[in-house]
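So you can see what is in the structure, the chains are spelled out below.
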Amino acid sequence: MAAITGTTADDVLSGTEFDDVIRALAGADIINTGSGDDQAYGGSGDDFLNGDGNDALYGGDGNDRIQANDIFSQGTALVRGGAGDDQVFVFDTSSGGDLRGGDGIDLLTLYIGSAALHLDLGLDLVDAGPTAFVGLMFSGFERLHVSAGGGDDSIIGADQADVARVAGGANYVDLAGGDDLVEYQTRDANTLYGGSGADTLMANSGTSSLYFIVDTFDGSVDDGSLSTIAGF
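The following refers to the structure shown. (Residues numbered from 1 in each chain as written. Predicted model: local features only at pLDDT ≥ 70, side-chain atom pairs only at ≥ 80, totals over all residues. Heavy atoms only, no water.)

### Concerning the sheet that holds strand β19 (residues 172–174)
For step 1, the next point in the chain: Strand order in this open sheet of five strands is β13-β17-β19-β21-β25, and the pairing throughout is parallel. Each edge of the open sheet carries a strand with a single partner, namely β13 (118–120) and β25 (228–230). On average, each strand axis in the sheet is tilted by 5° relative to the strand beside it, whichever way the strands run.
For step 2, the next point in the chain: Here three bridges tie β13 to strand β17 (residues 154–156), and the two strands are oriented parallel to one another. Across the sheet, residue His118 finds its bridge partner in β17, namely Ser154. (Pairing = 2+ DSSP bridges. Helix = DSSP H or I, 4+ residues; strand = E, 2+ residues; numbered from the N terminus. Axes fitted to C-alpha atoms, helices over the stretch in contact; angles between N-to-C directions.)

Spelled out as structure tokens, the structure:
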């Protein structure tokens, strides 16, 4: 196991092919873990941690950006944002991960493939305990950005500004409060609620003509696919 330690300046640290322990200390640091089952510690400062597979990624104090890659095929990620307004990115998973936002207004961004996604990001999520989907456990996130695949997805946001992009399928989206964005495809019957706030709805008909009528009297929407749409 290799031990790699940075300085109090802004460092760029890279791991090896082995199981590394990387400590960046203070500063706005960049850590790329490389292959192996690594541990990376950002320390204080606004850090960027980029991990793969079975890595443990600790942001520490500051507004950190933490990216967990390839846990779909390679393993299970452990992420701890720590104090600050952190951003955690996960790219496709079926094998699991354990994500905690920590203190601050933290953002969880998920890029999920064809698997059906069922996700509820409530403000009481930390008190209610971790929530699971596709083998992934998470808690302590106040904002949500999701790009989902072609399954019948269910996505429930909270009171911050959330984003949900869903592909084909009969999807259910309710983003509650905040100035939210929902993007969907019109070919299936969807249920879409923007909630309170100045919300935006984007409809995509692919190569077909877009049929989309909004009743300005009661706000109801007819998209030609029997969808239920409100709050935009």
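That was the structure; now back to the text.
### Digging into unusual backbone geometry
Most peptide bonds are trans, and most residues other than glycine sit at a negative phi.
For step 1, the next point in the chain: The phi torsion at Leu25 lies on the positive side, around 65°, for a residue other than glycine.
For step 2, the next point in the chain: Its place among the elements puts Leu25 in the loop between β3 (20–23) and β4 (30–32).
For step 3, the next point in the chain: With a phi angle near 55°, Ala176 is a residue other than glycine that sits in the positive phi range.
For step 4, the next point in the chain: Locating Ala176 in the fold gives a position in the loop between β19 and β20 (181–185).

### Some words on the pattern of salt bridges
For step 1, the next point in the chain: A complete count under the given rule lists four salt bridges for this structure.
For step 2, the next point in the chain: Put simply, Asp98 and Arg80 hold a salt bridge, and the shortest N to O gap is 3.3 Å. On the criterion of sequence distance, the pair formed by Asp98 in strand β11 (residues 97–100) and Arg80 in strand β9 (residues 77–80) is long-range, its members being 18 residues apart.
For step 3, the next point in the chain: We note a salt bridge from Arg100 to Asp98, for which the minimum N-O separation is 2.6 Å.
For step 4, the next point in the chain: Note on Arg100: relative accessible area 22%, which makes it partly exposed.
For step 5, the next point in the chain: In this structure, a network of salt bridges that share partners links the residues Arg80, Asp98 and Arg100. (Salt bridge = Lys/Arg side-chain N within 4 Å of Asp/Glu carboxyl O. Buried < 20%, exposed > 50% of the residue type's maximum accessible area, 1.4 Å probe, protein only.)

### Looking at the pairing of strand β8 (residues 65–69)
For step 1, the next point in the chain: When you tally the buried positions in β8, you get four out of five residues, the bulk of the element.
For step 2, the next point in the chain: For strand β6 (residues 48–52) and β8, the ladder comprises five bridges, and the chain directions are parallel. Note on β8: the bridge partner recorded for Phe48 is Arg65.
For step 3, the next point in the chain: Alignment of β8 against strand β10 (residues 87–91), held across four bridges, turns out to be parallel.

### Looking at the nonpolar core
For step 1, the next point in the chain: Grouped together as the largest cluster of nonpolar side chains are 37 residues, with contacts concentrated most on Val88, Leu99, Leu110, Ile155 and Val173.
For step 2, the next point in the chain: Contributing elements (two or more residues each) for this core: β8, β9, β10, β12 (107–111), β15 (136–139), β16 (143–147) and β20.
For step 3, the next point in the chain: Those residues in contact with Val173, other than ones at most four positions away along the chain, are Ile155, Ala164, Val166, Val182, Thr191, Leu192 and Tyr193. (Core = buried A, V, L, I, M, F, W, Y, C linked by side-chain atoms within 4.5 Å. Contact = heavy atoms within 4.5 Å.)

### Details of the packing of aromatic side chains
For step 1, the next point in the chain: Here the structure, examined in full by the defined rule, presents two aromatic pairs.
For step 2, the next point in the chain: Ring centres of Tyr41 and Tyr58 lie 4.8 Å apart, and the angle between their planes is 5°; this geometry places the pair in the stacked category. Residue Tyr41 is located in strand β5 (residues 39–41), and its partner Tyr58 is located in strand β7 (residues 56–58); the two are separated by 17 residues in the primary sequence.
For step 3, the next point in the chain: Since its relative accessible area comes to 27%, Tyr58 is described here as partly exposed. (Phe/Tyr/Trp six-rings, centres within 6.5 Å; stacked < 30°, edge-to-face > 60°.)

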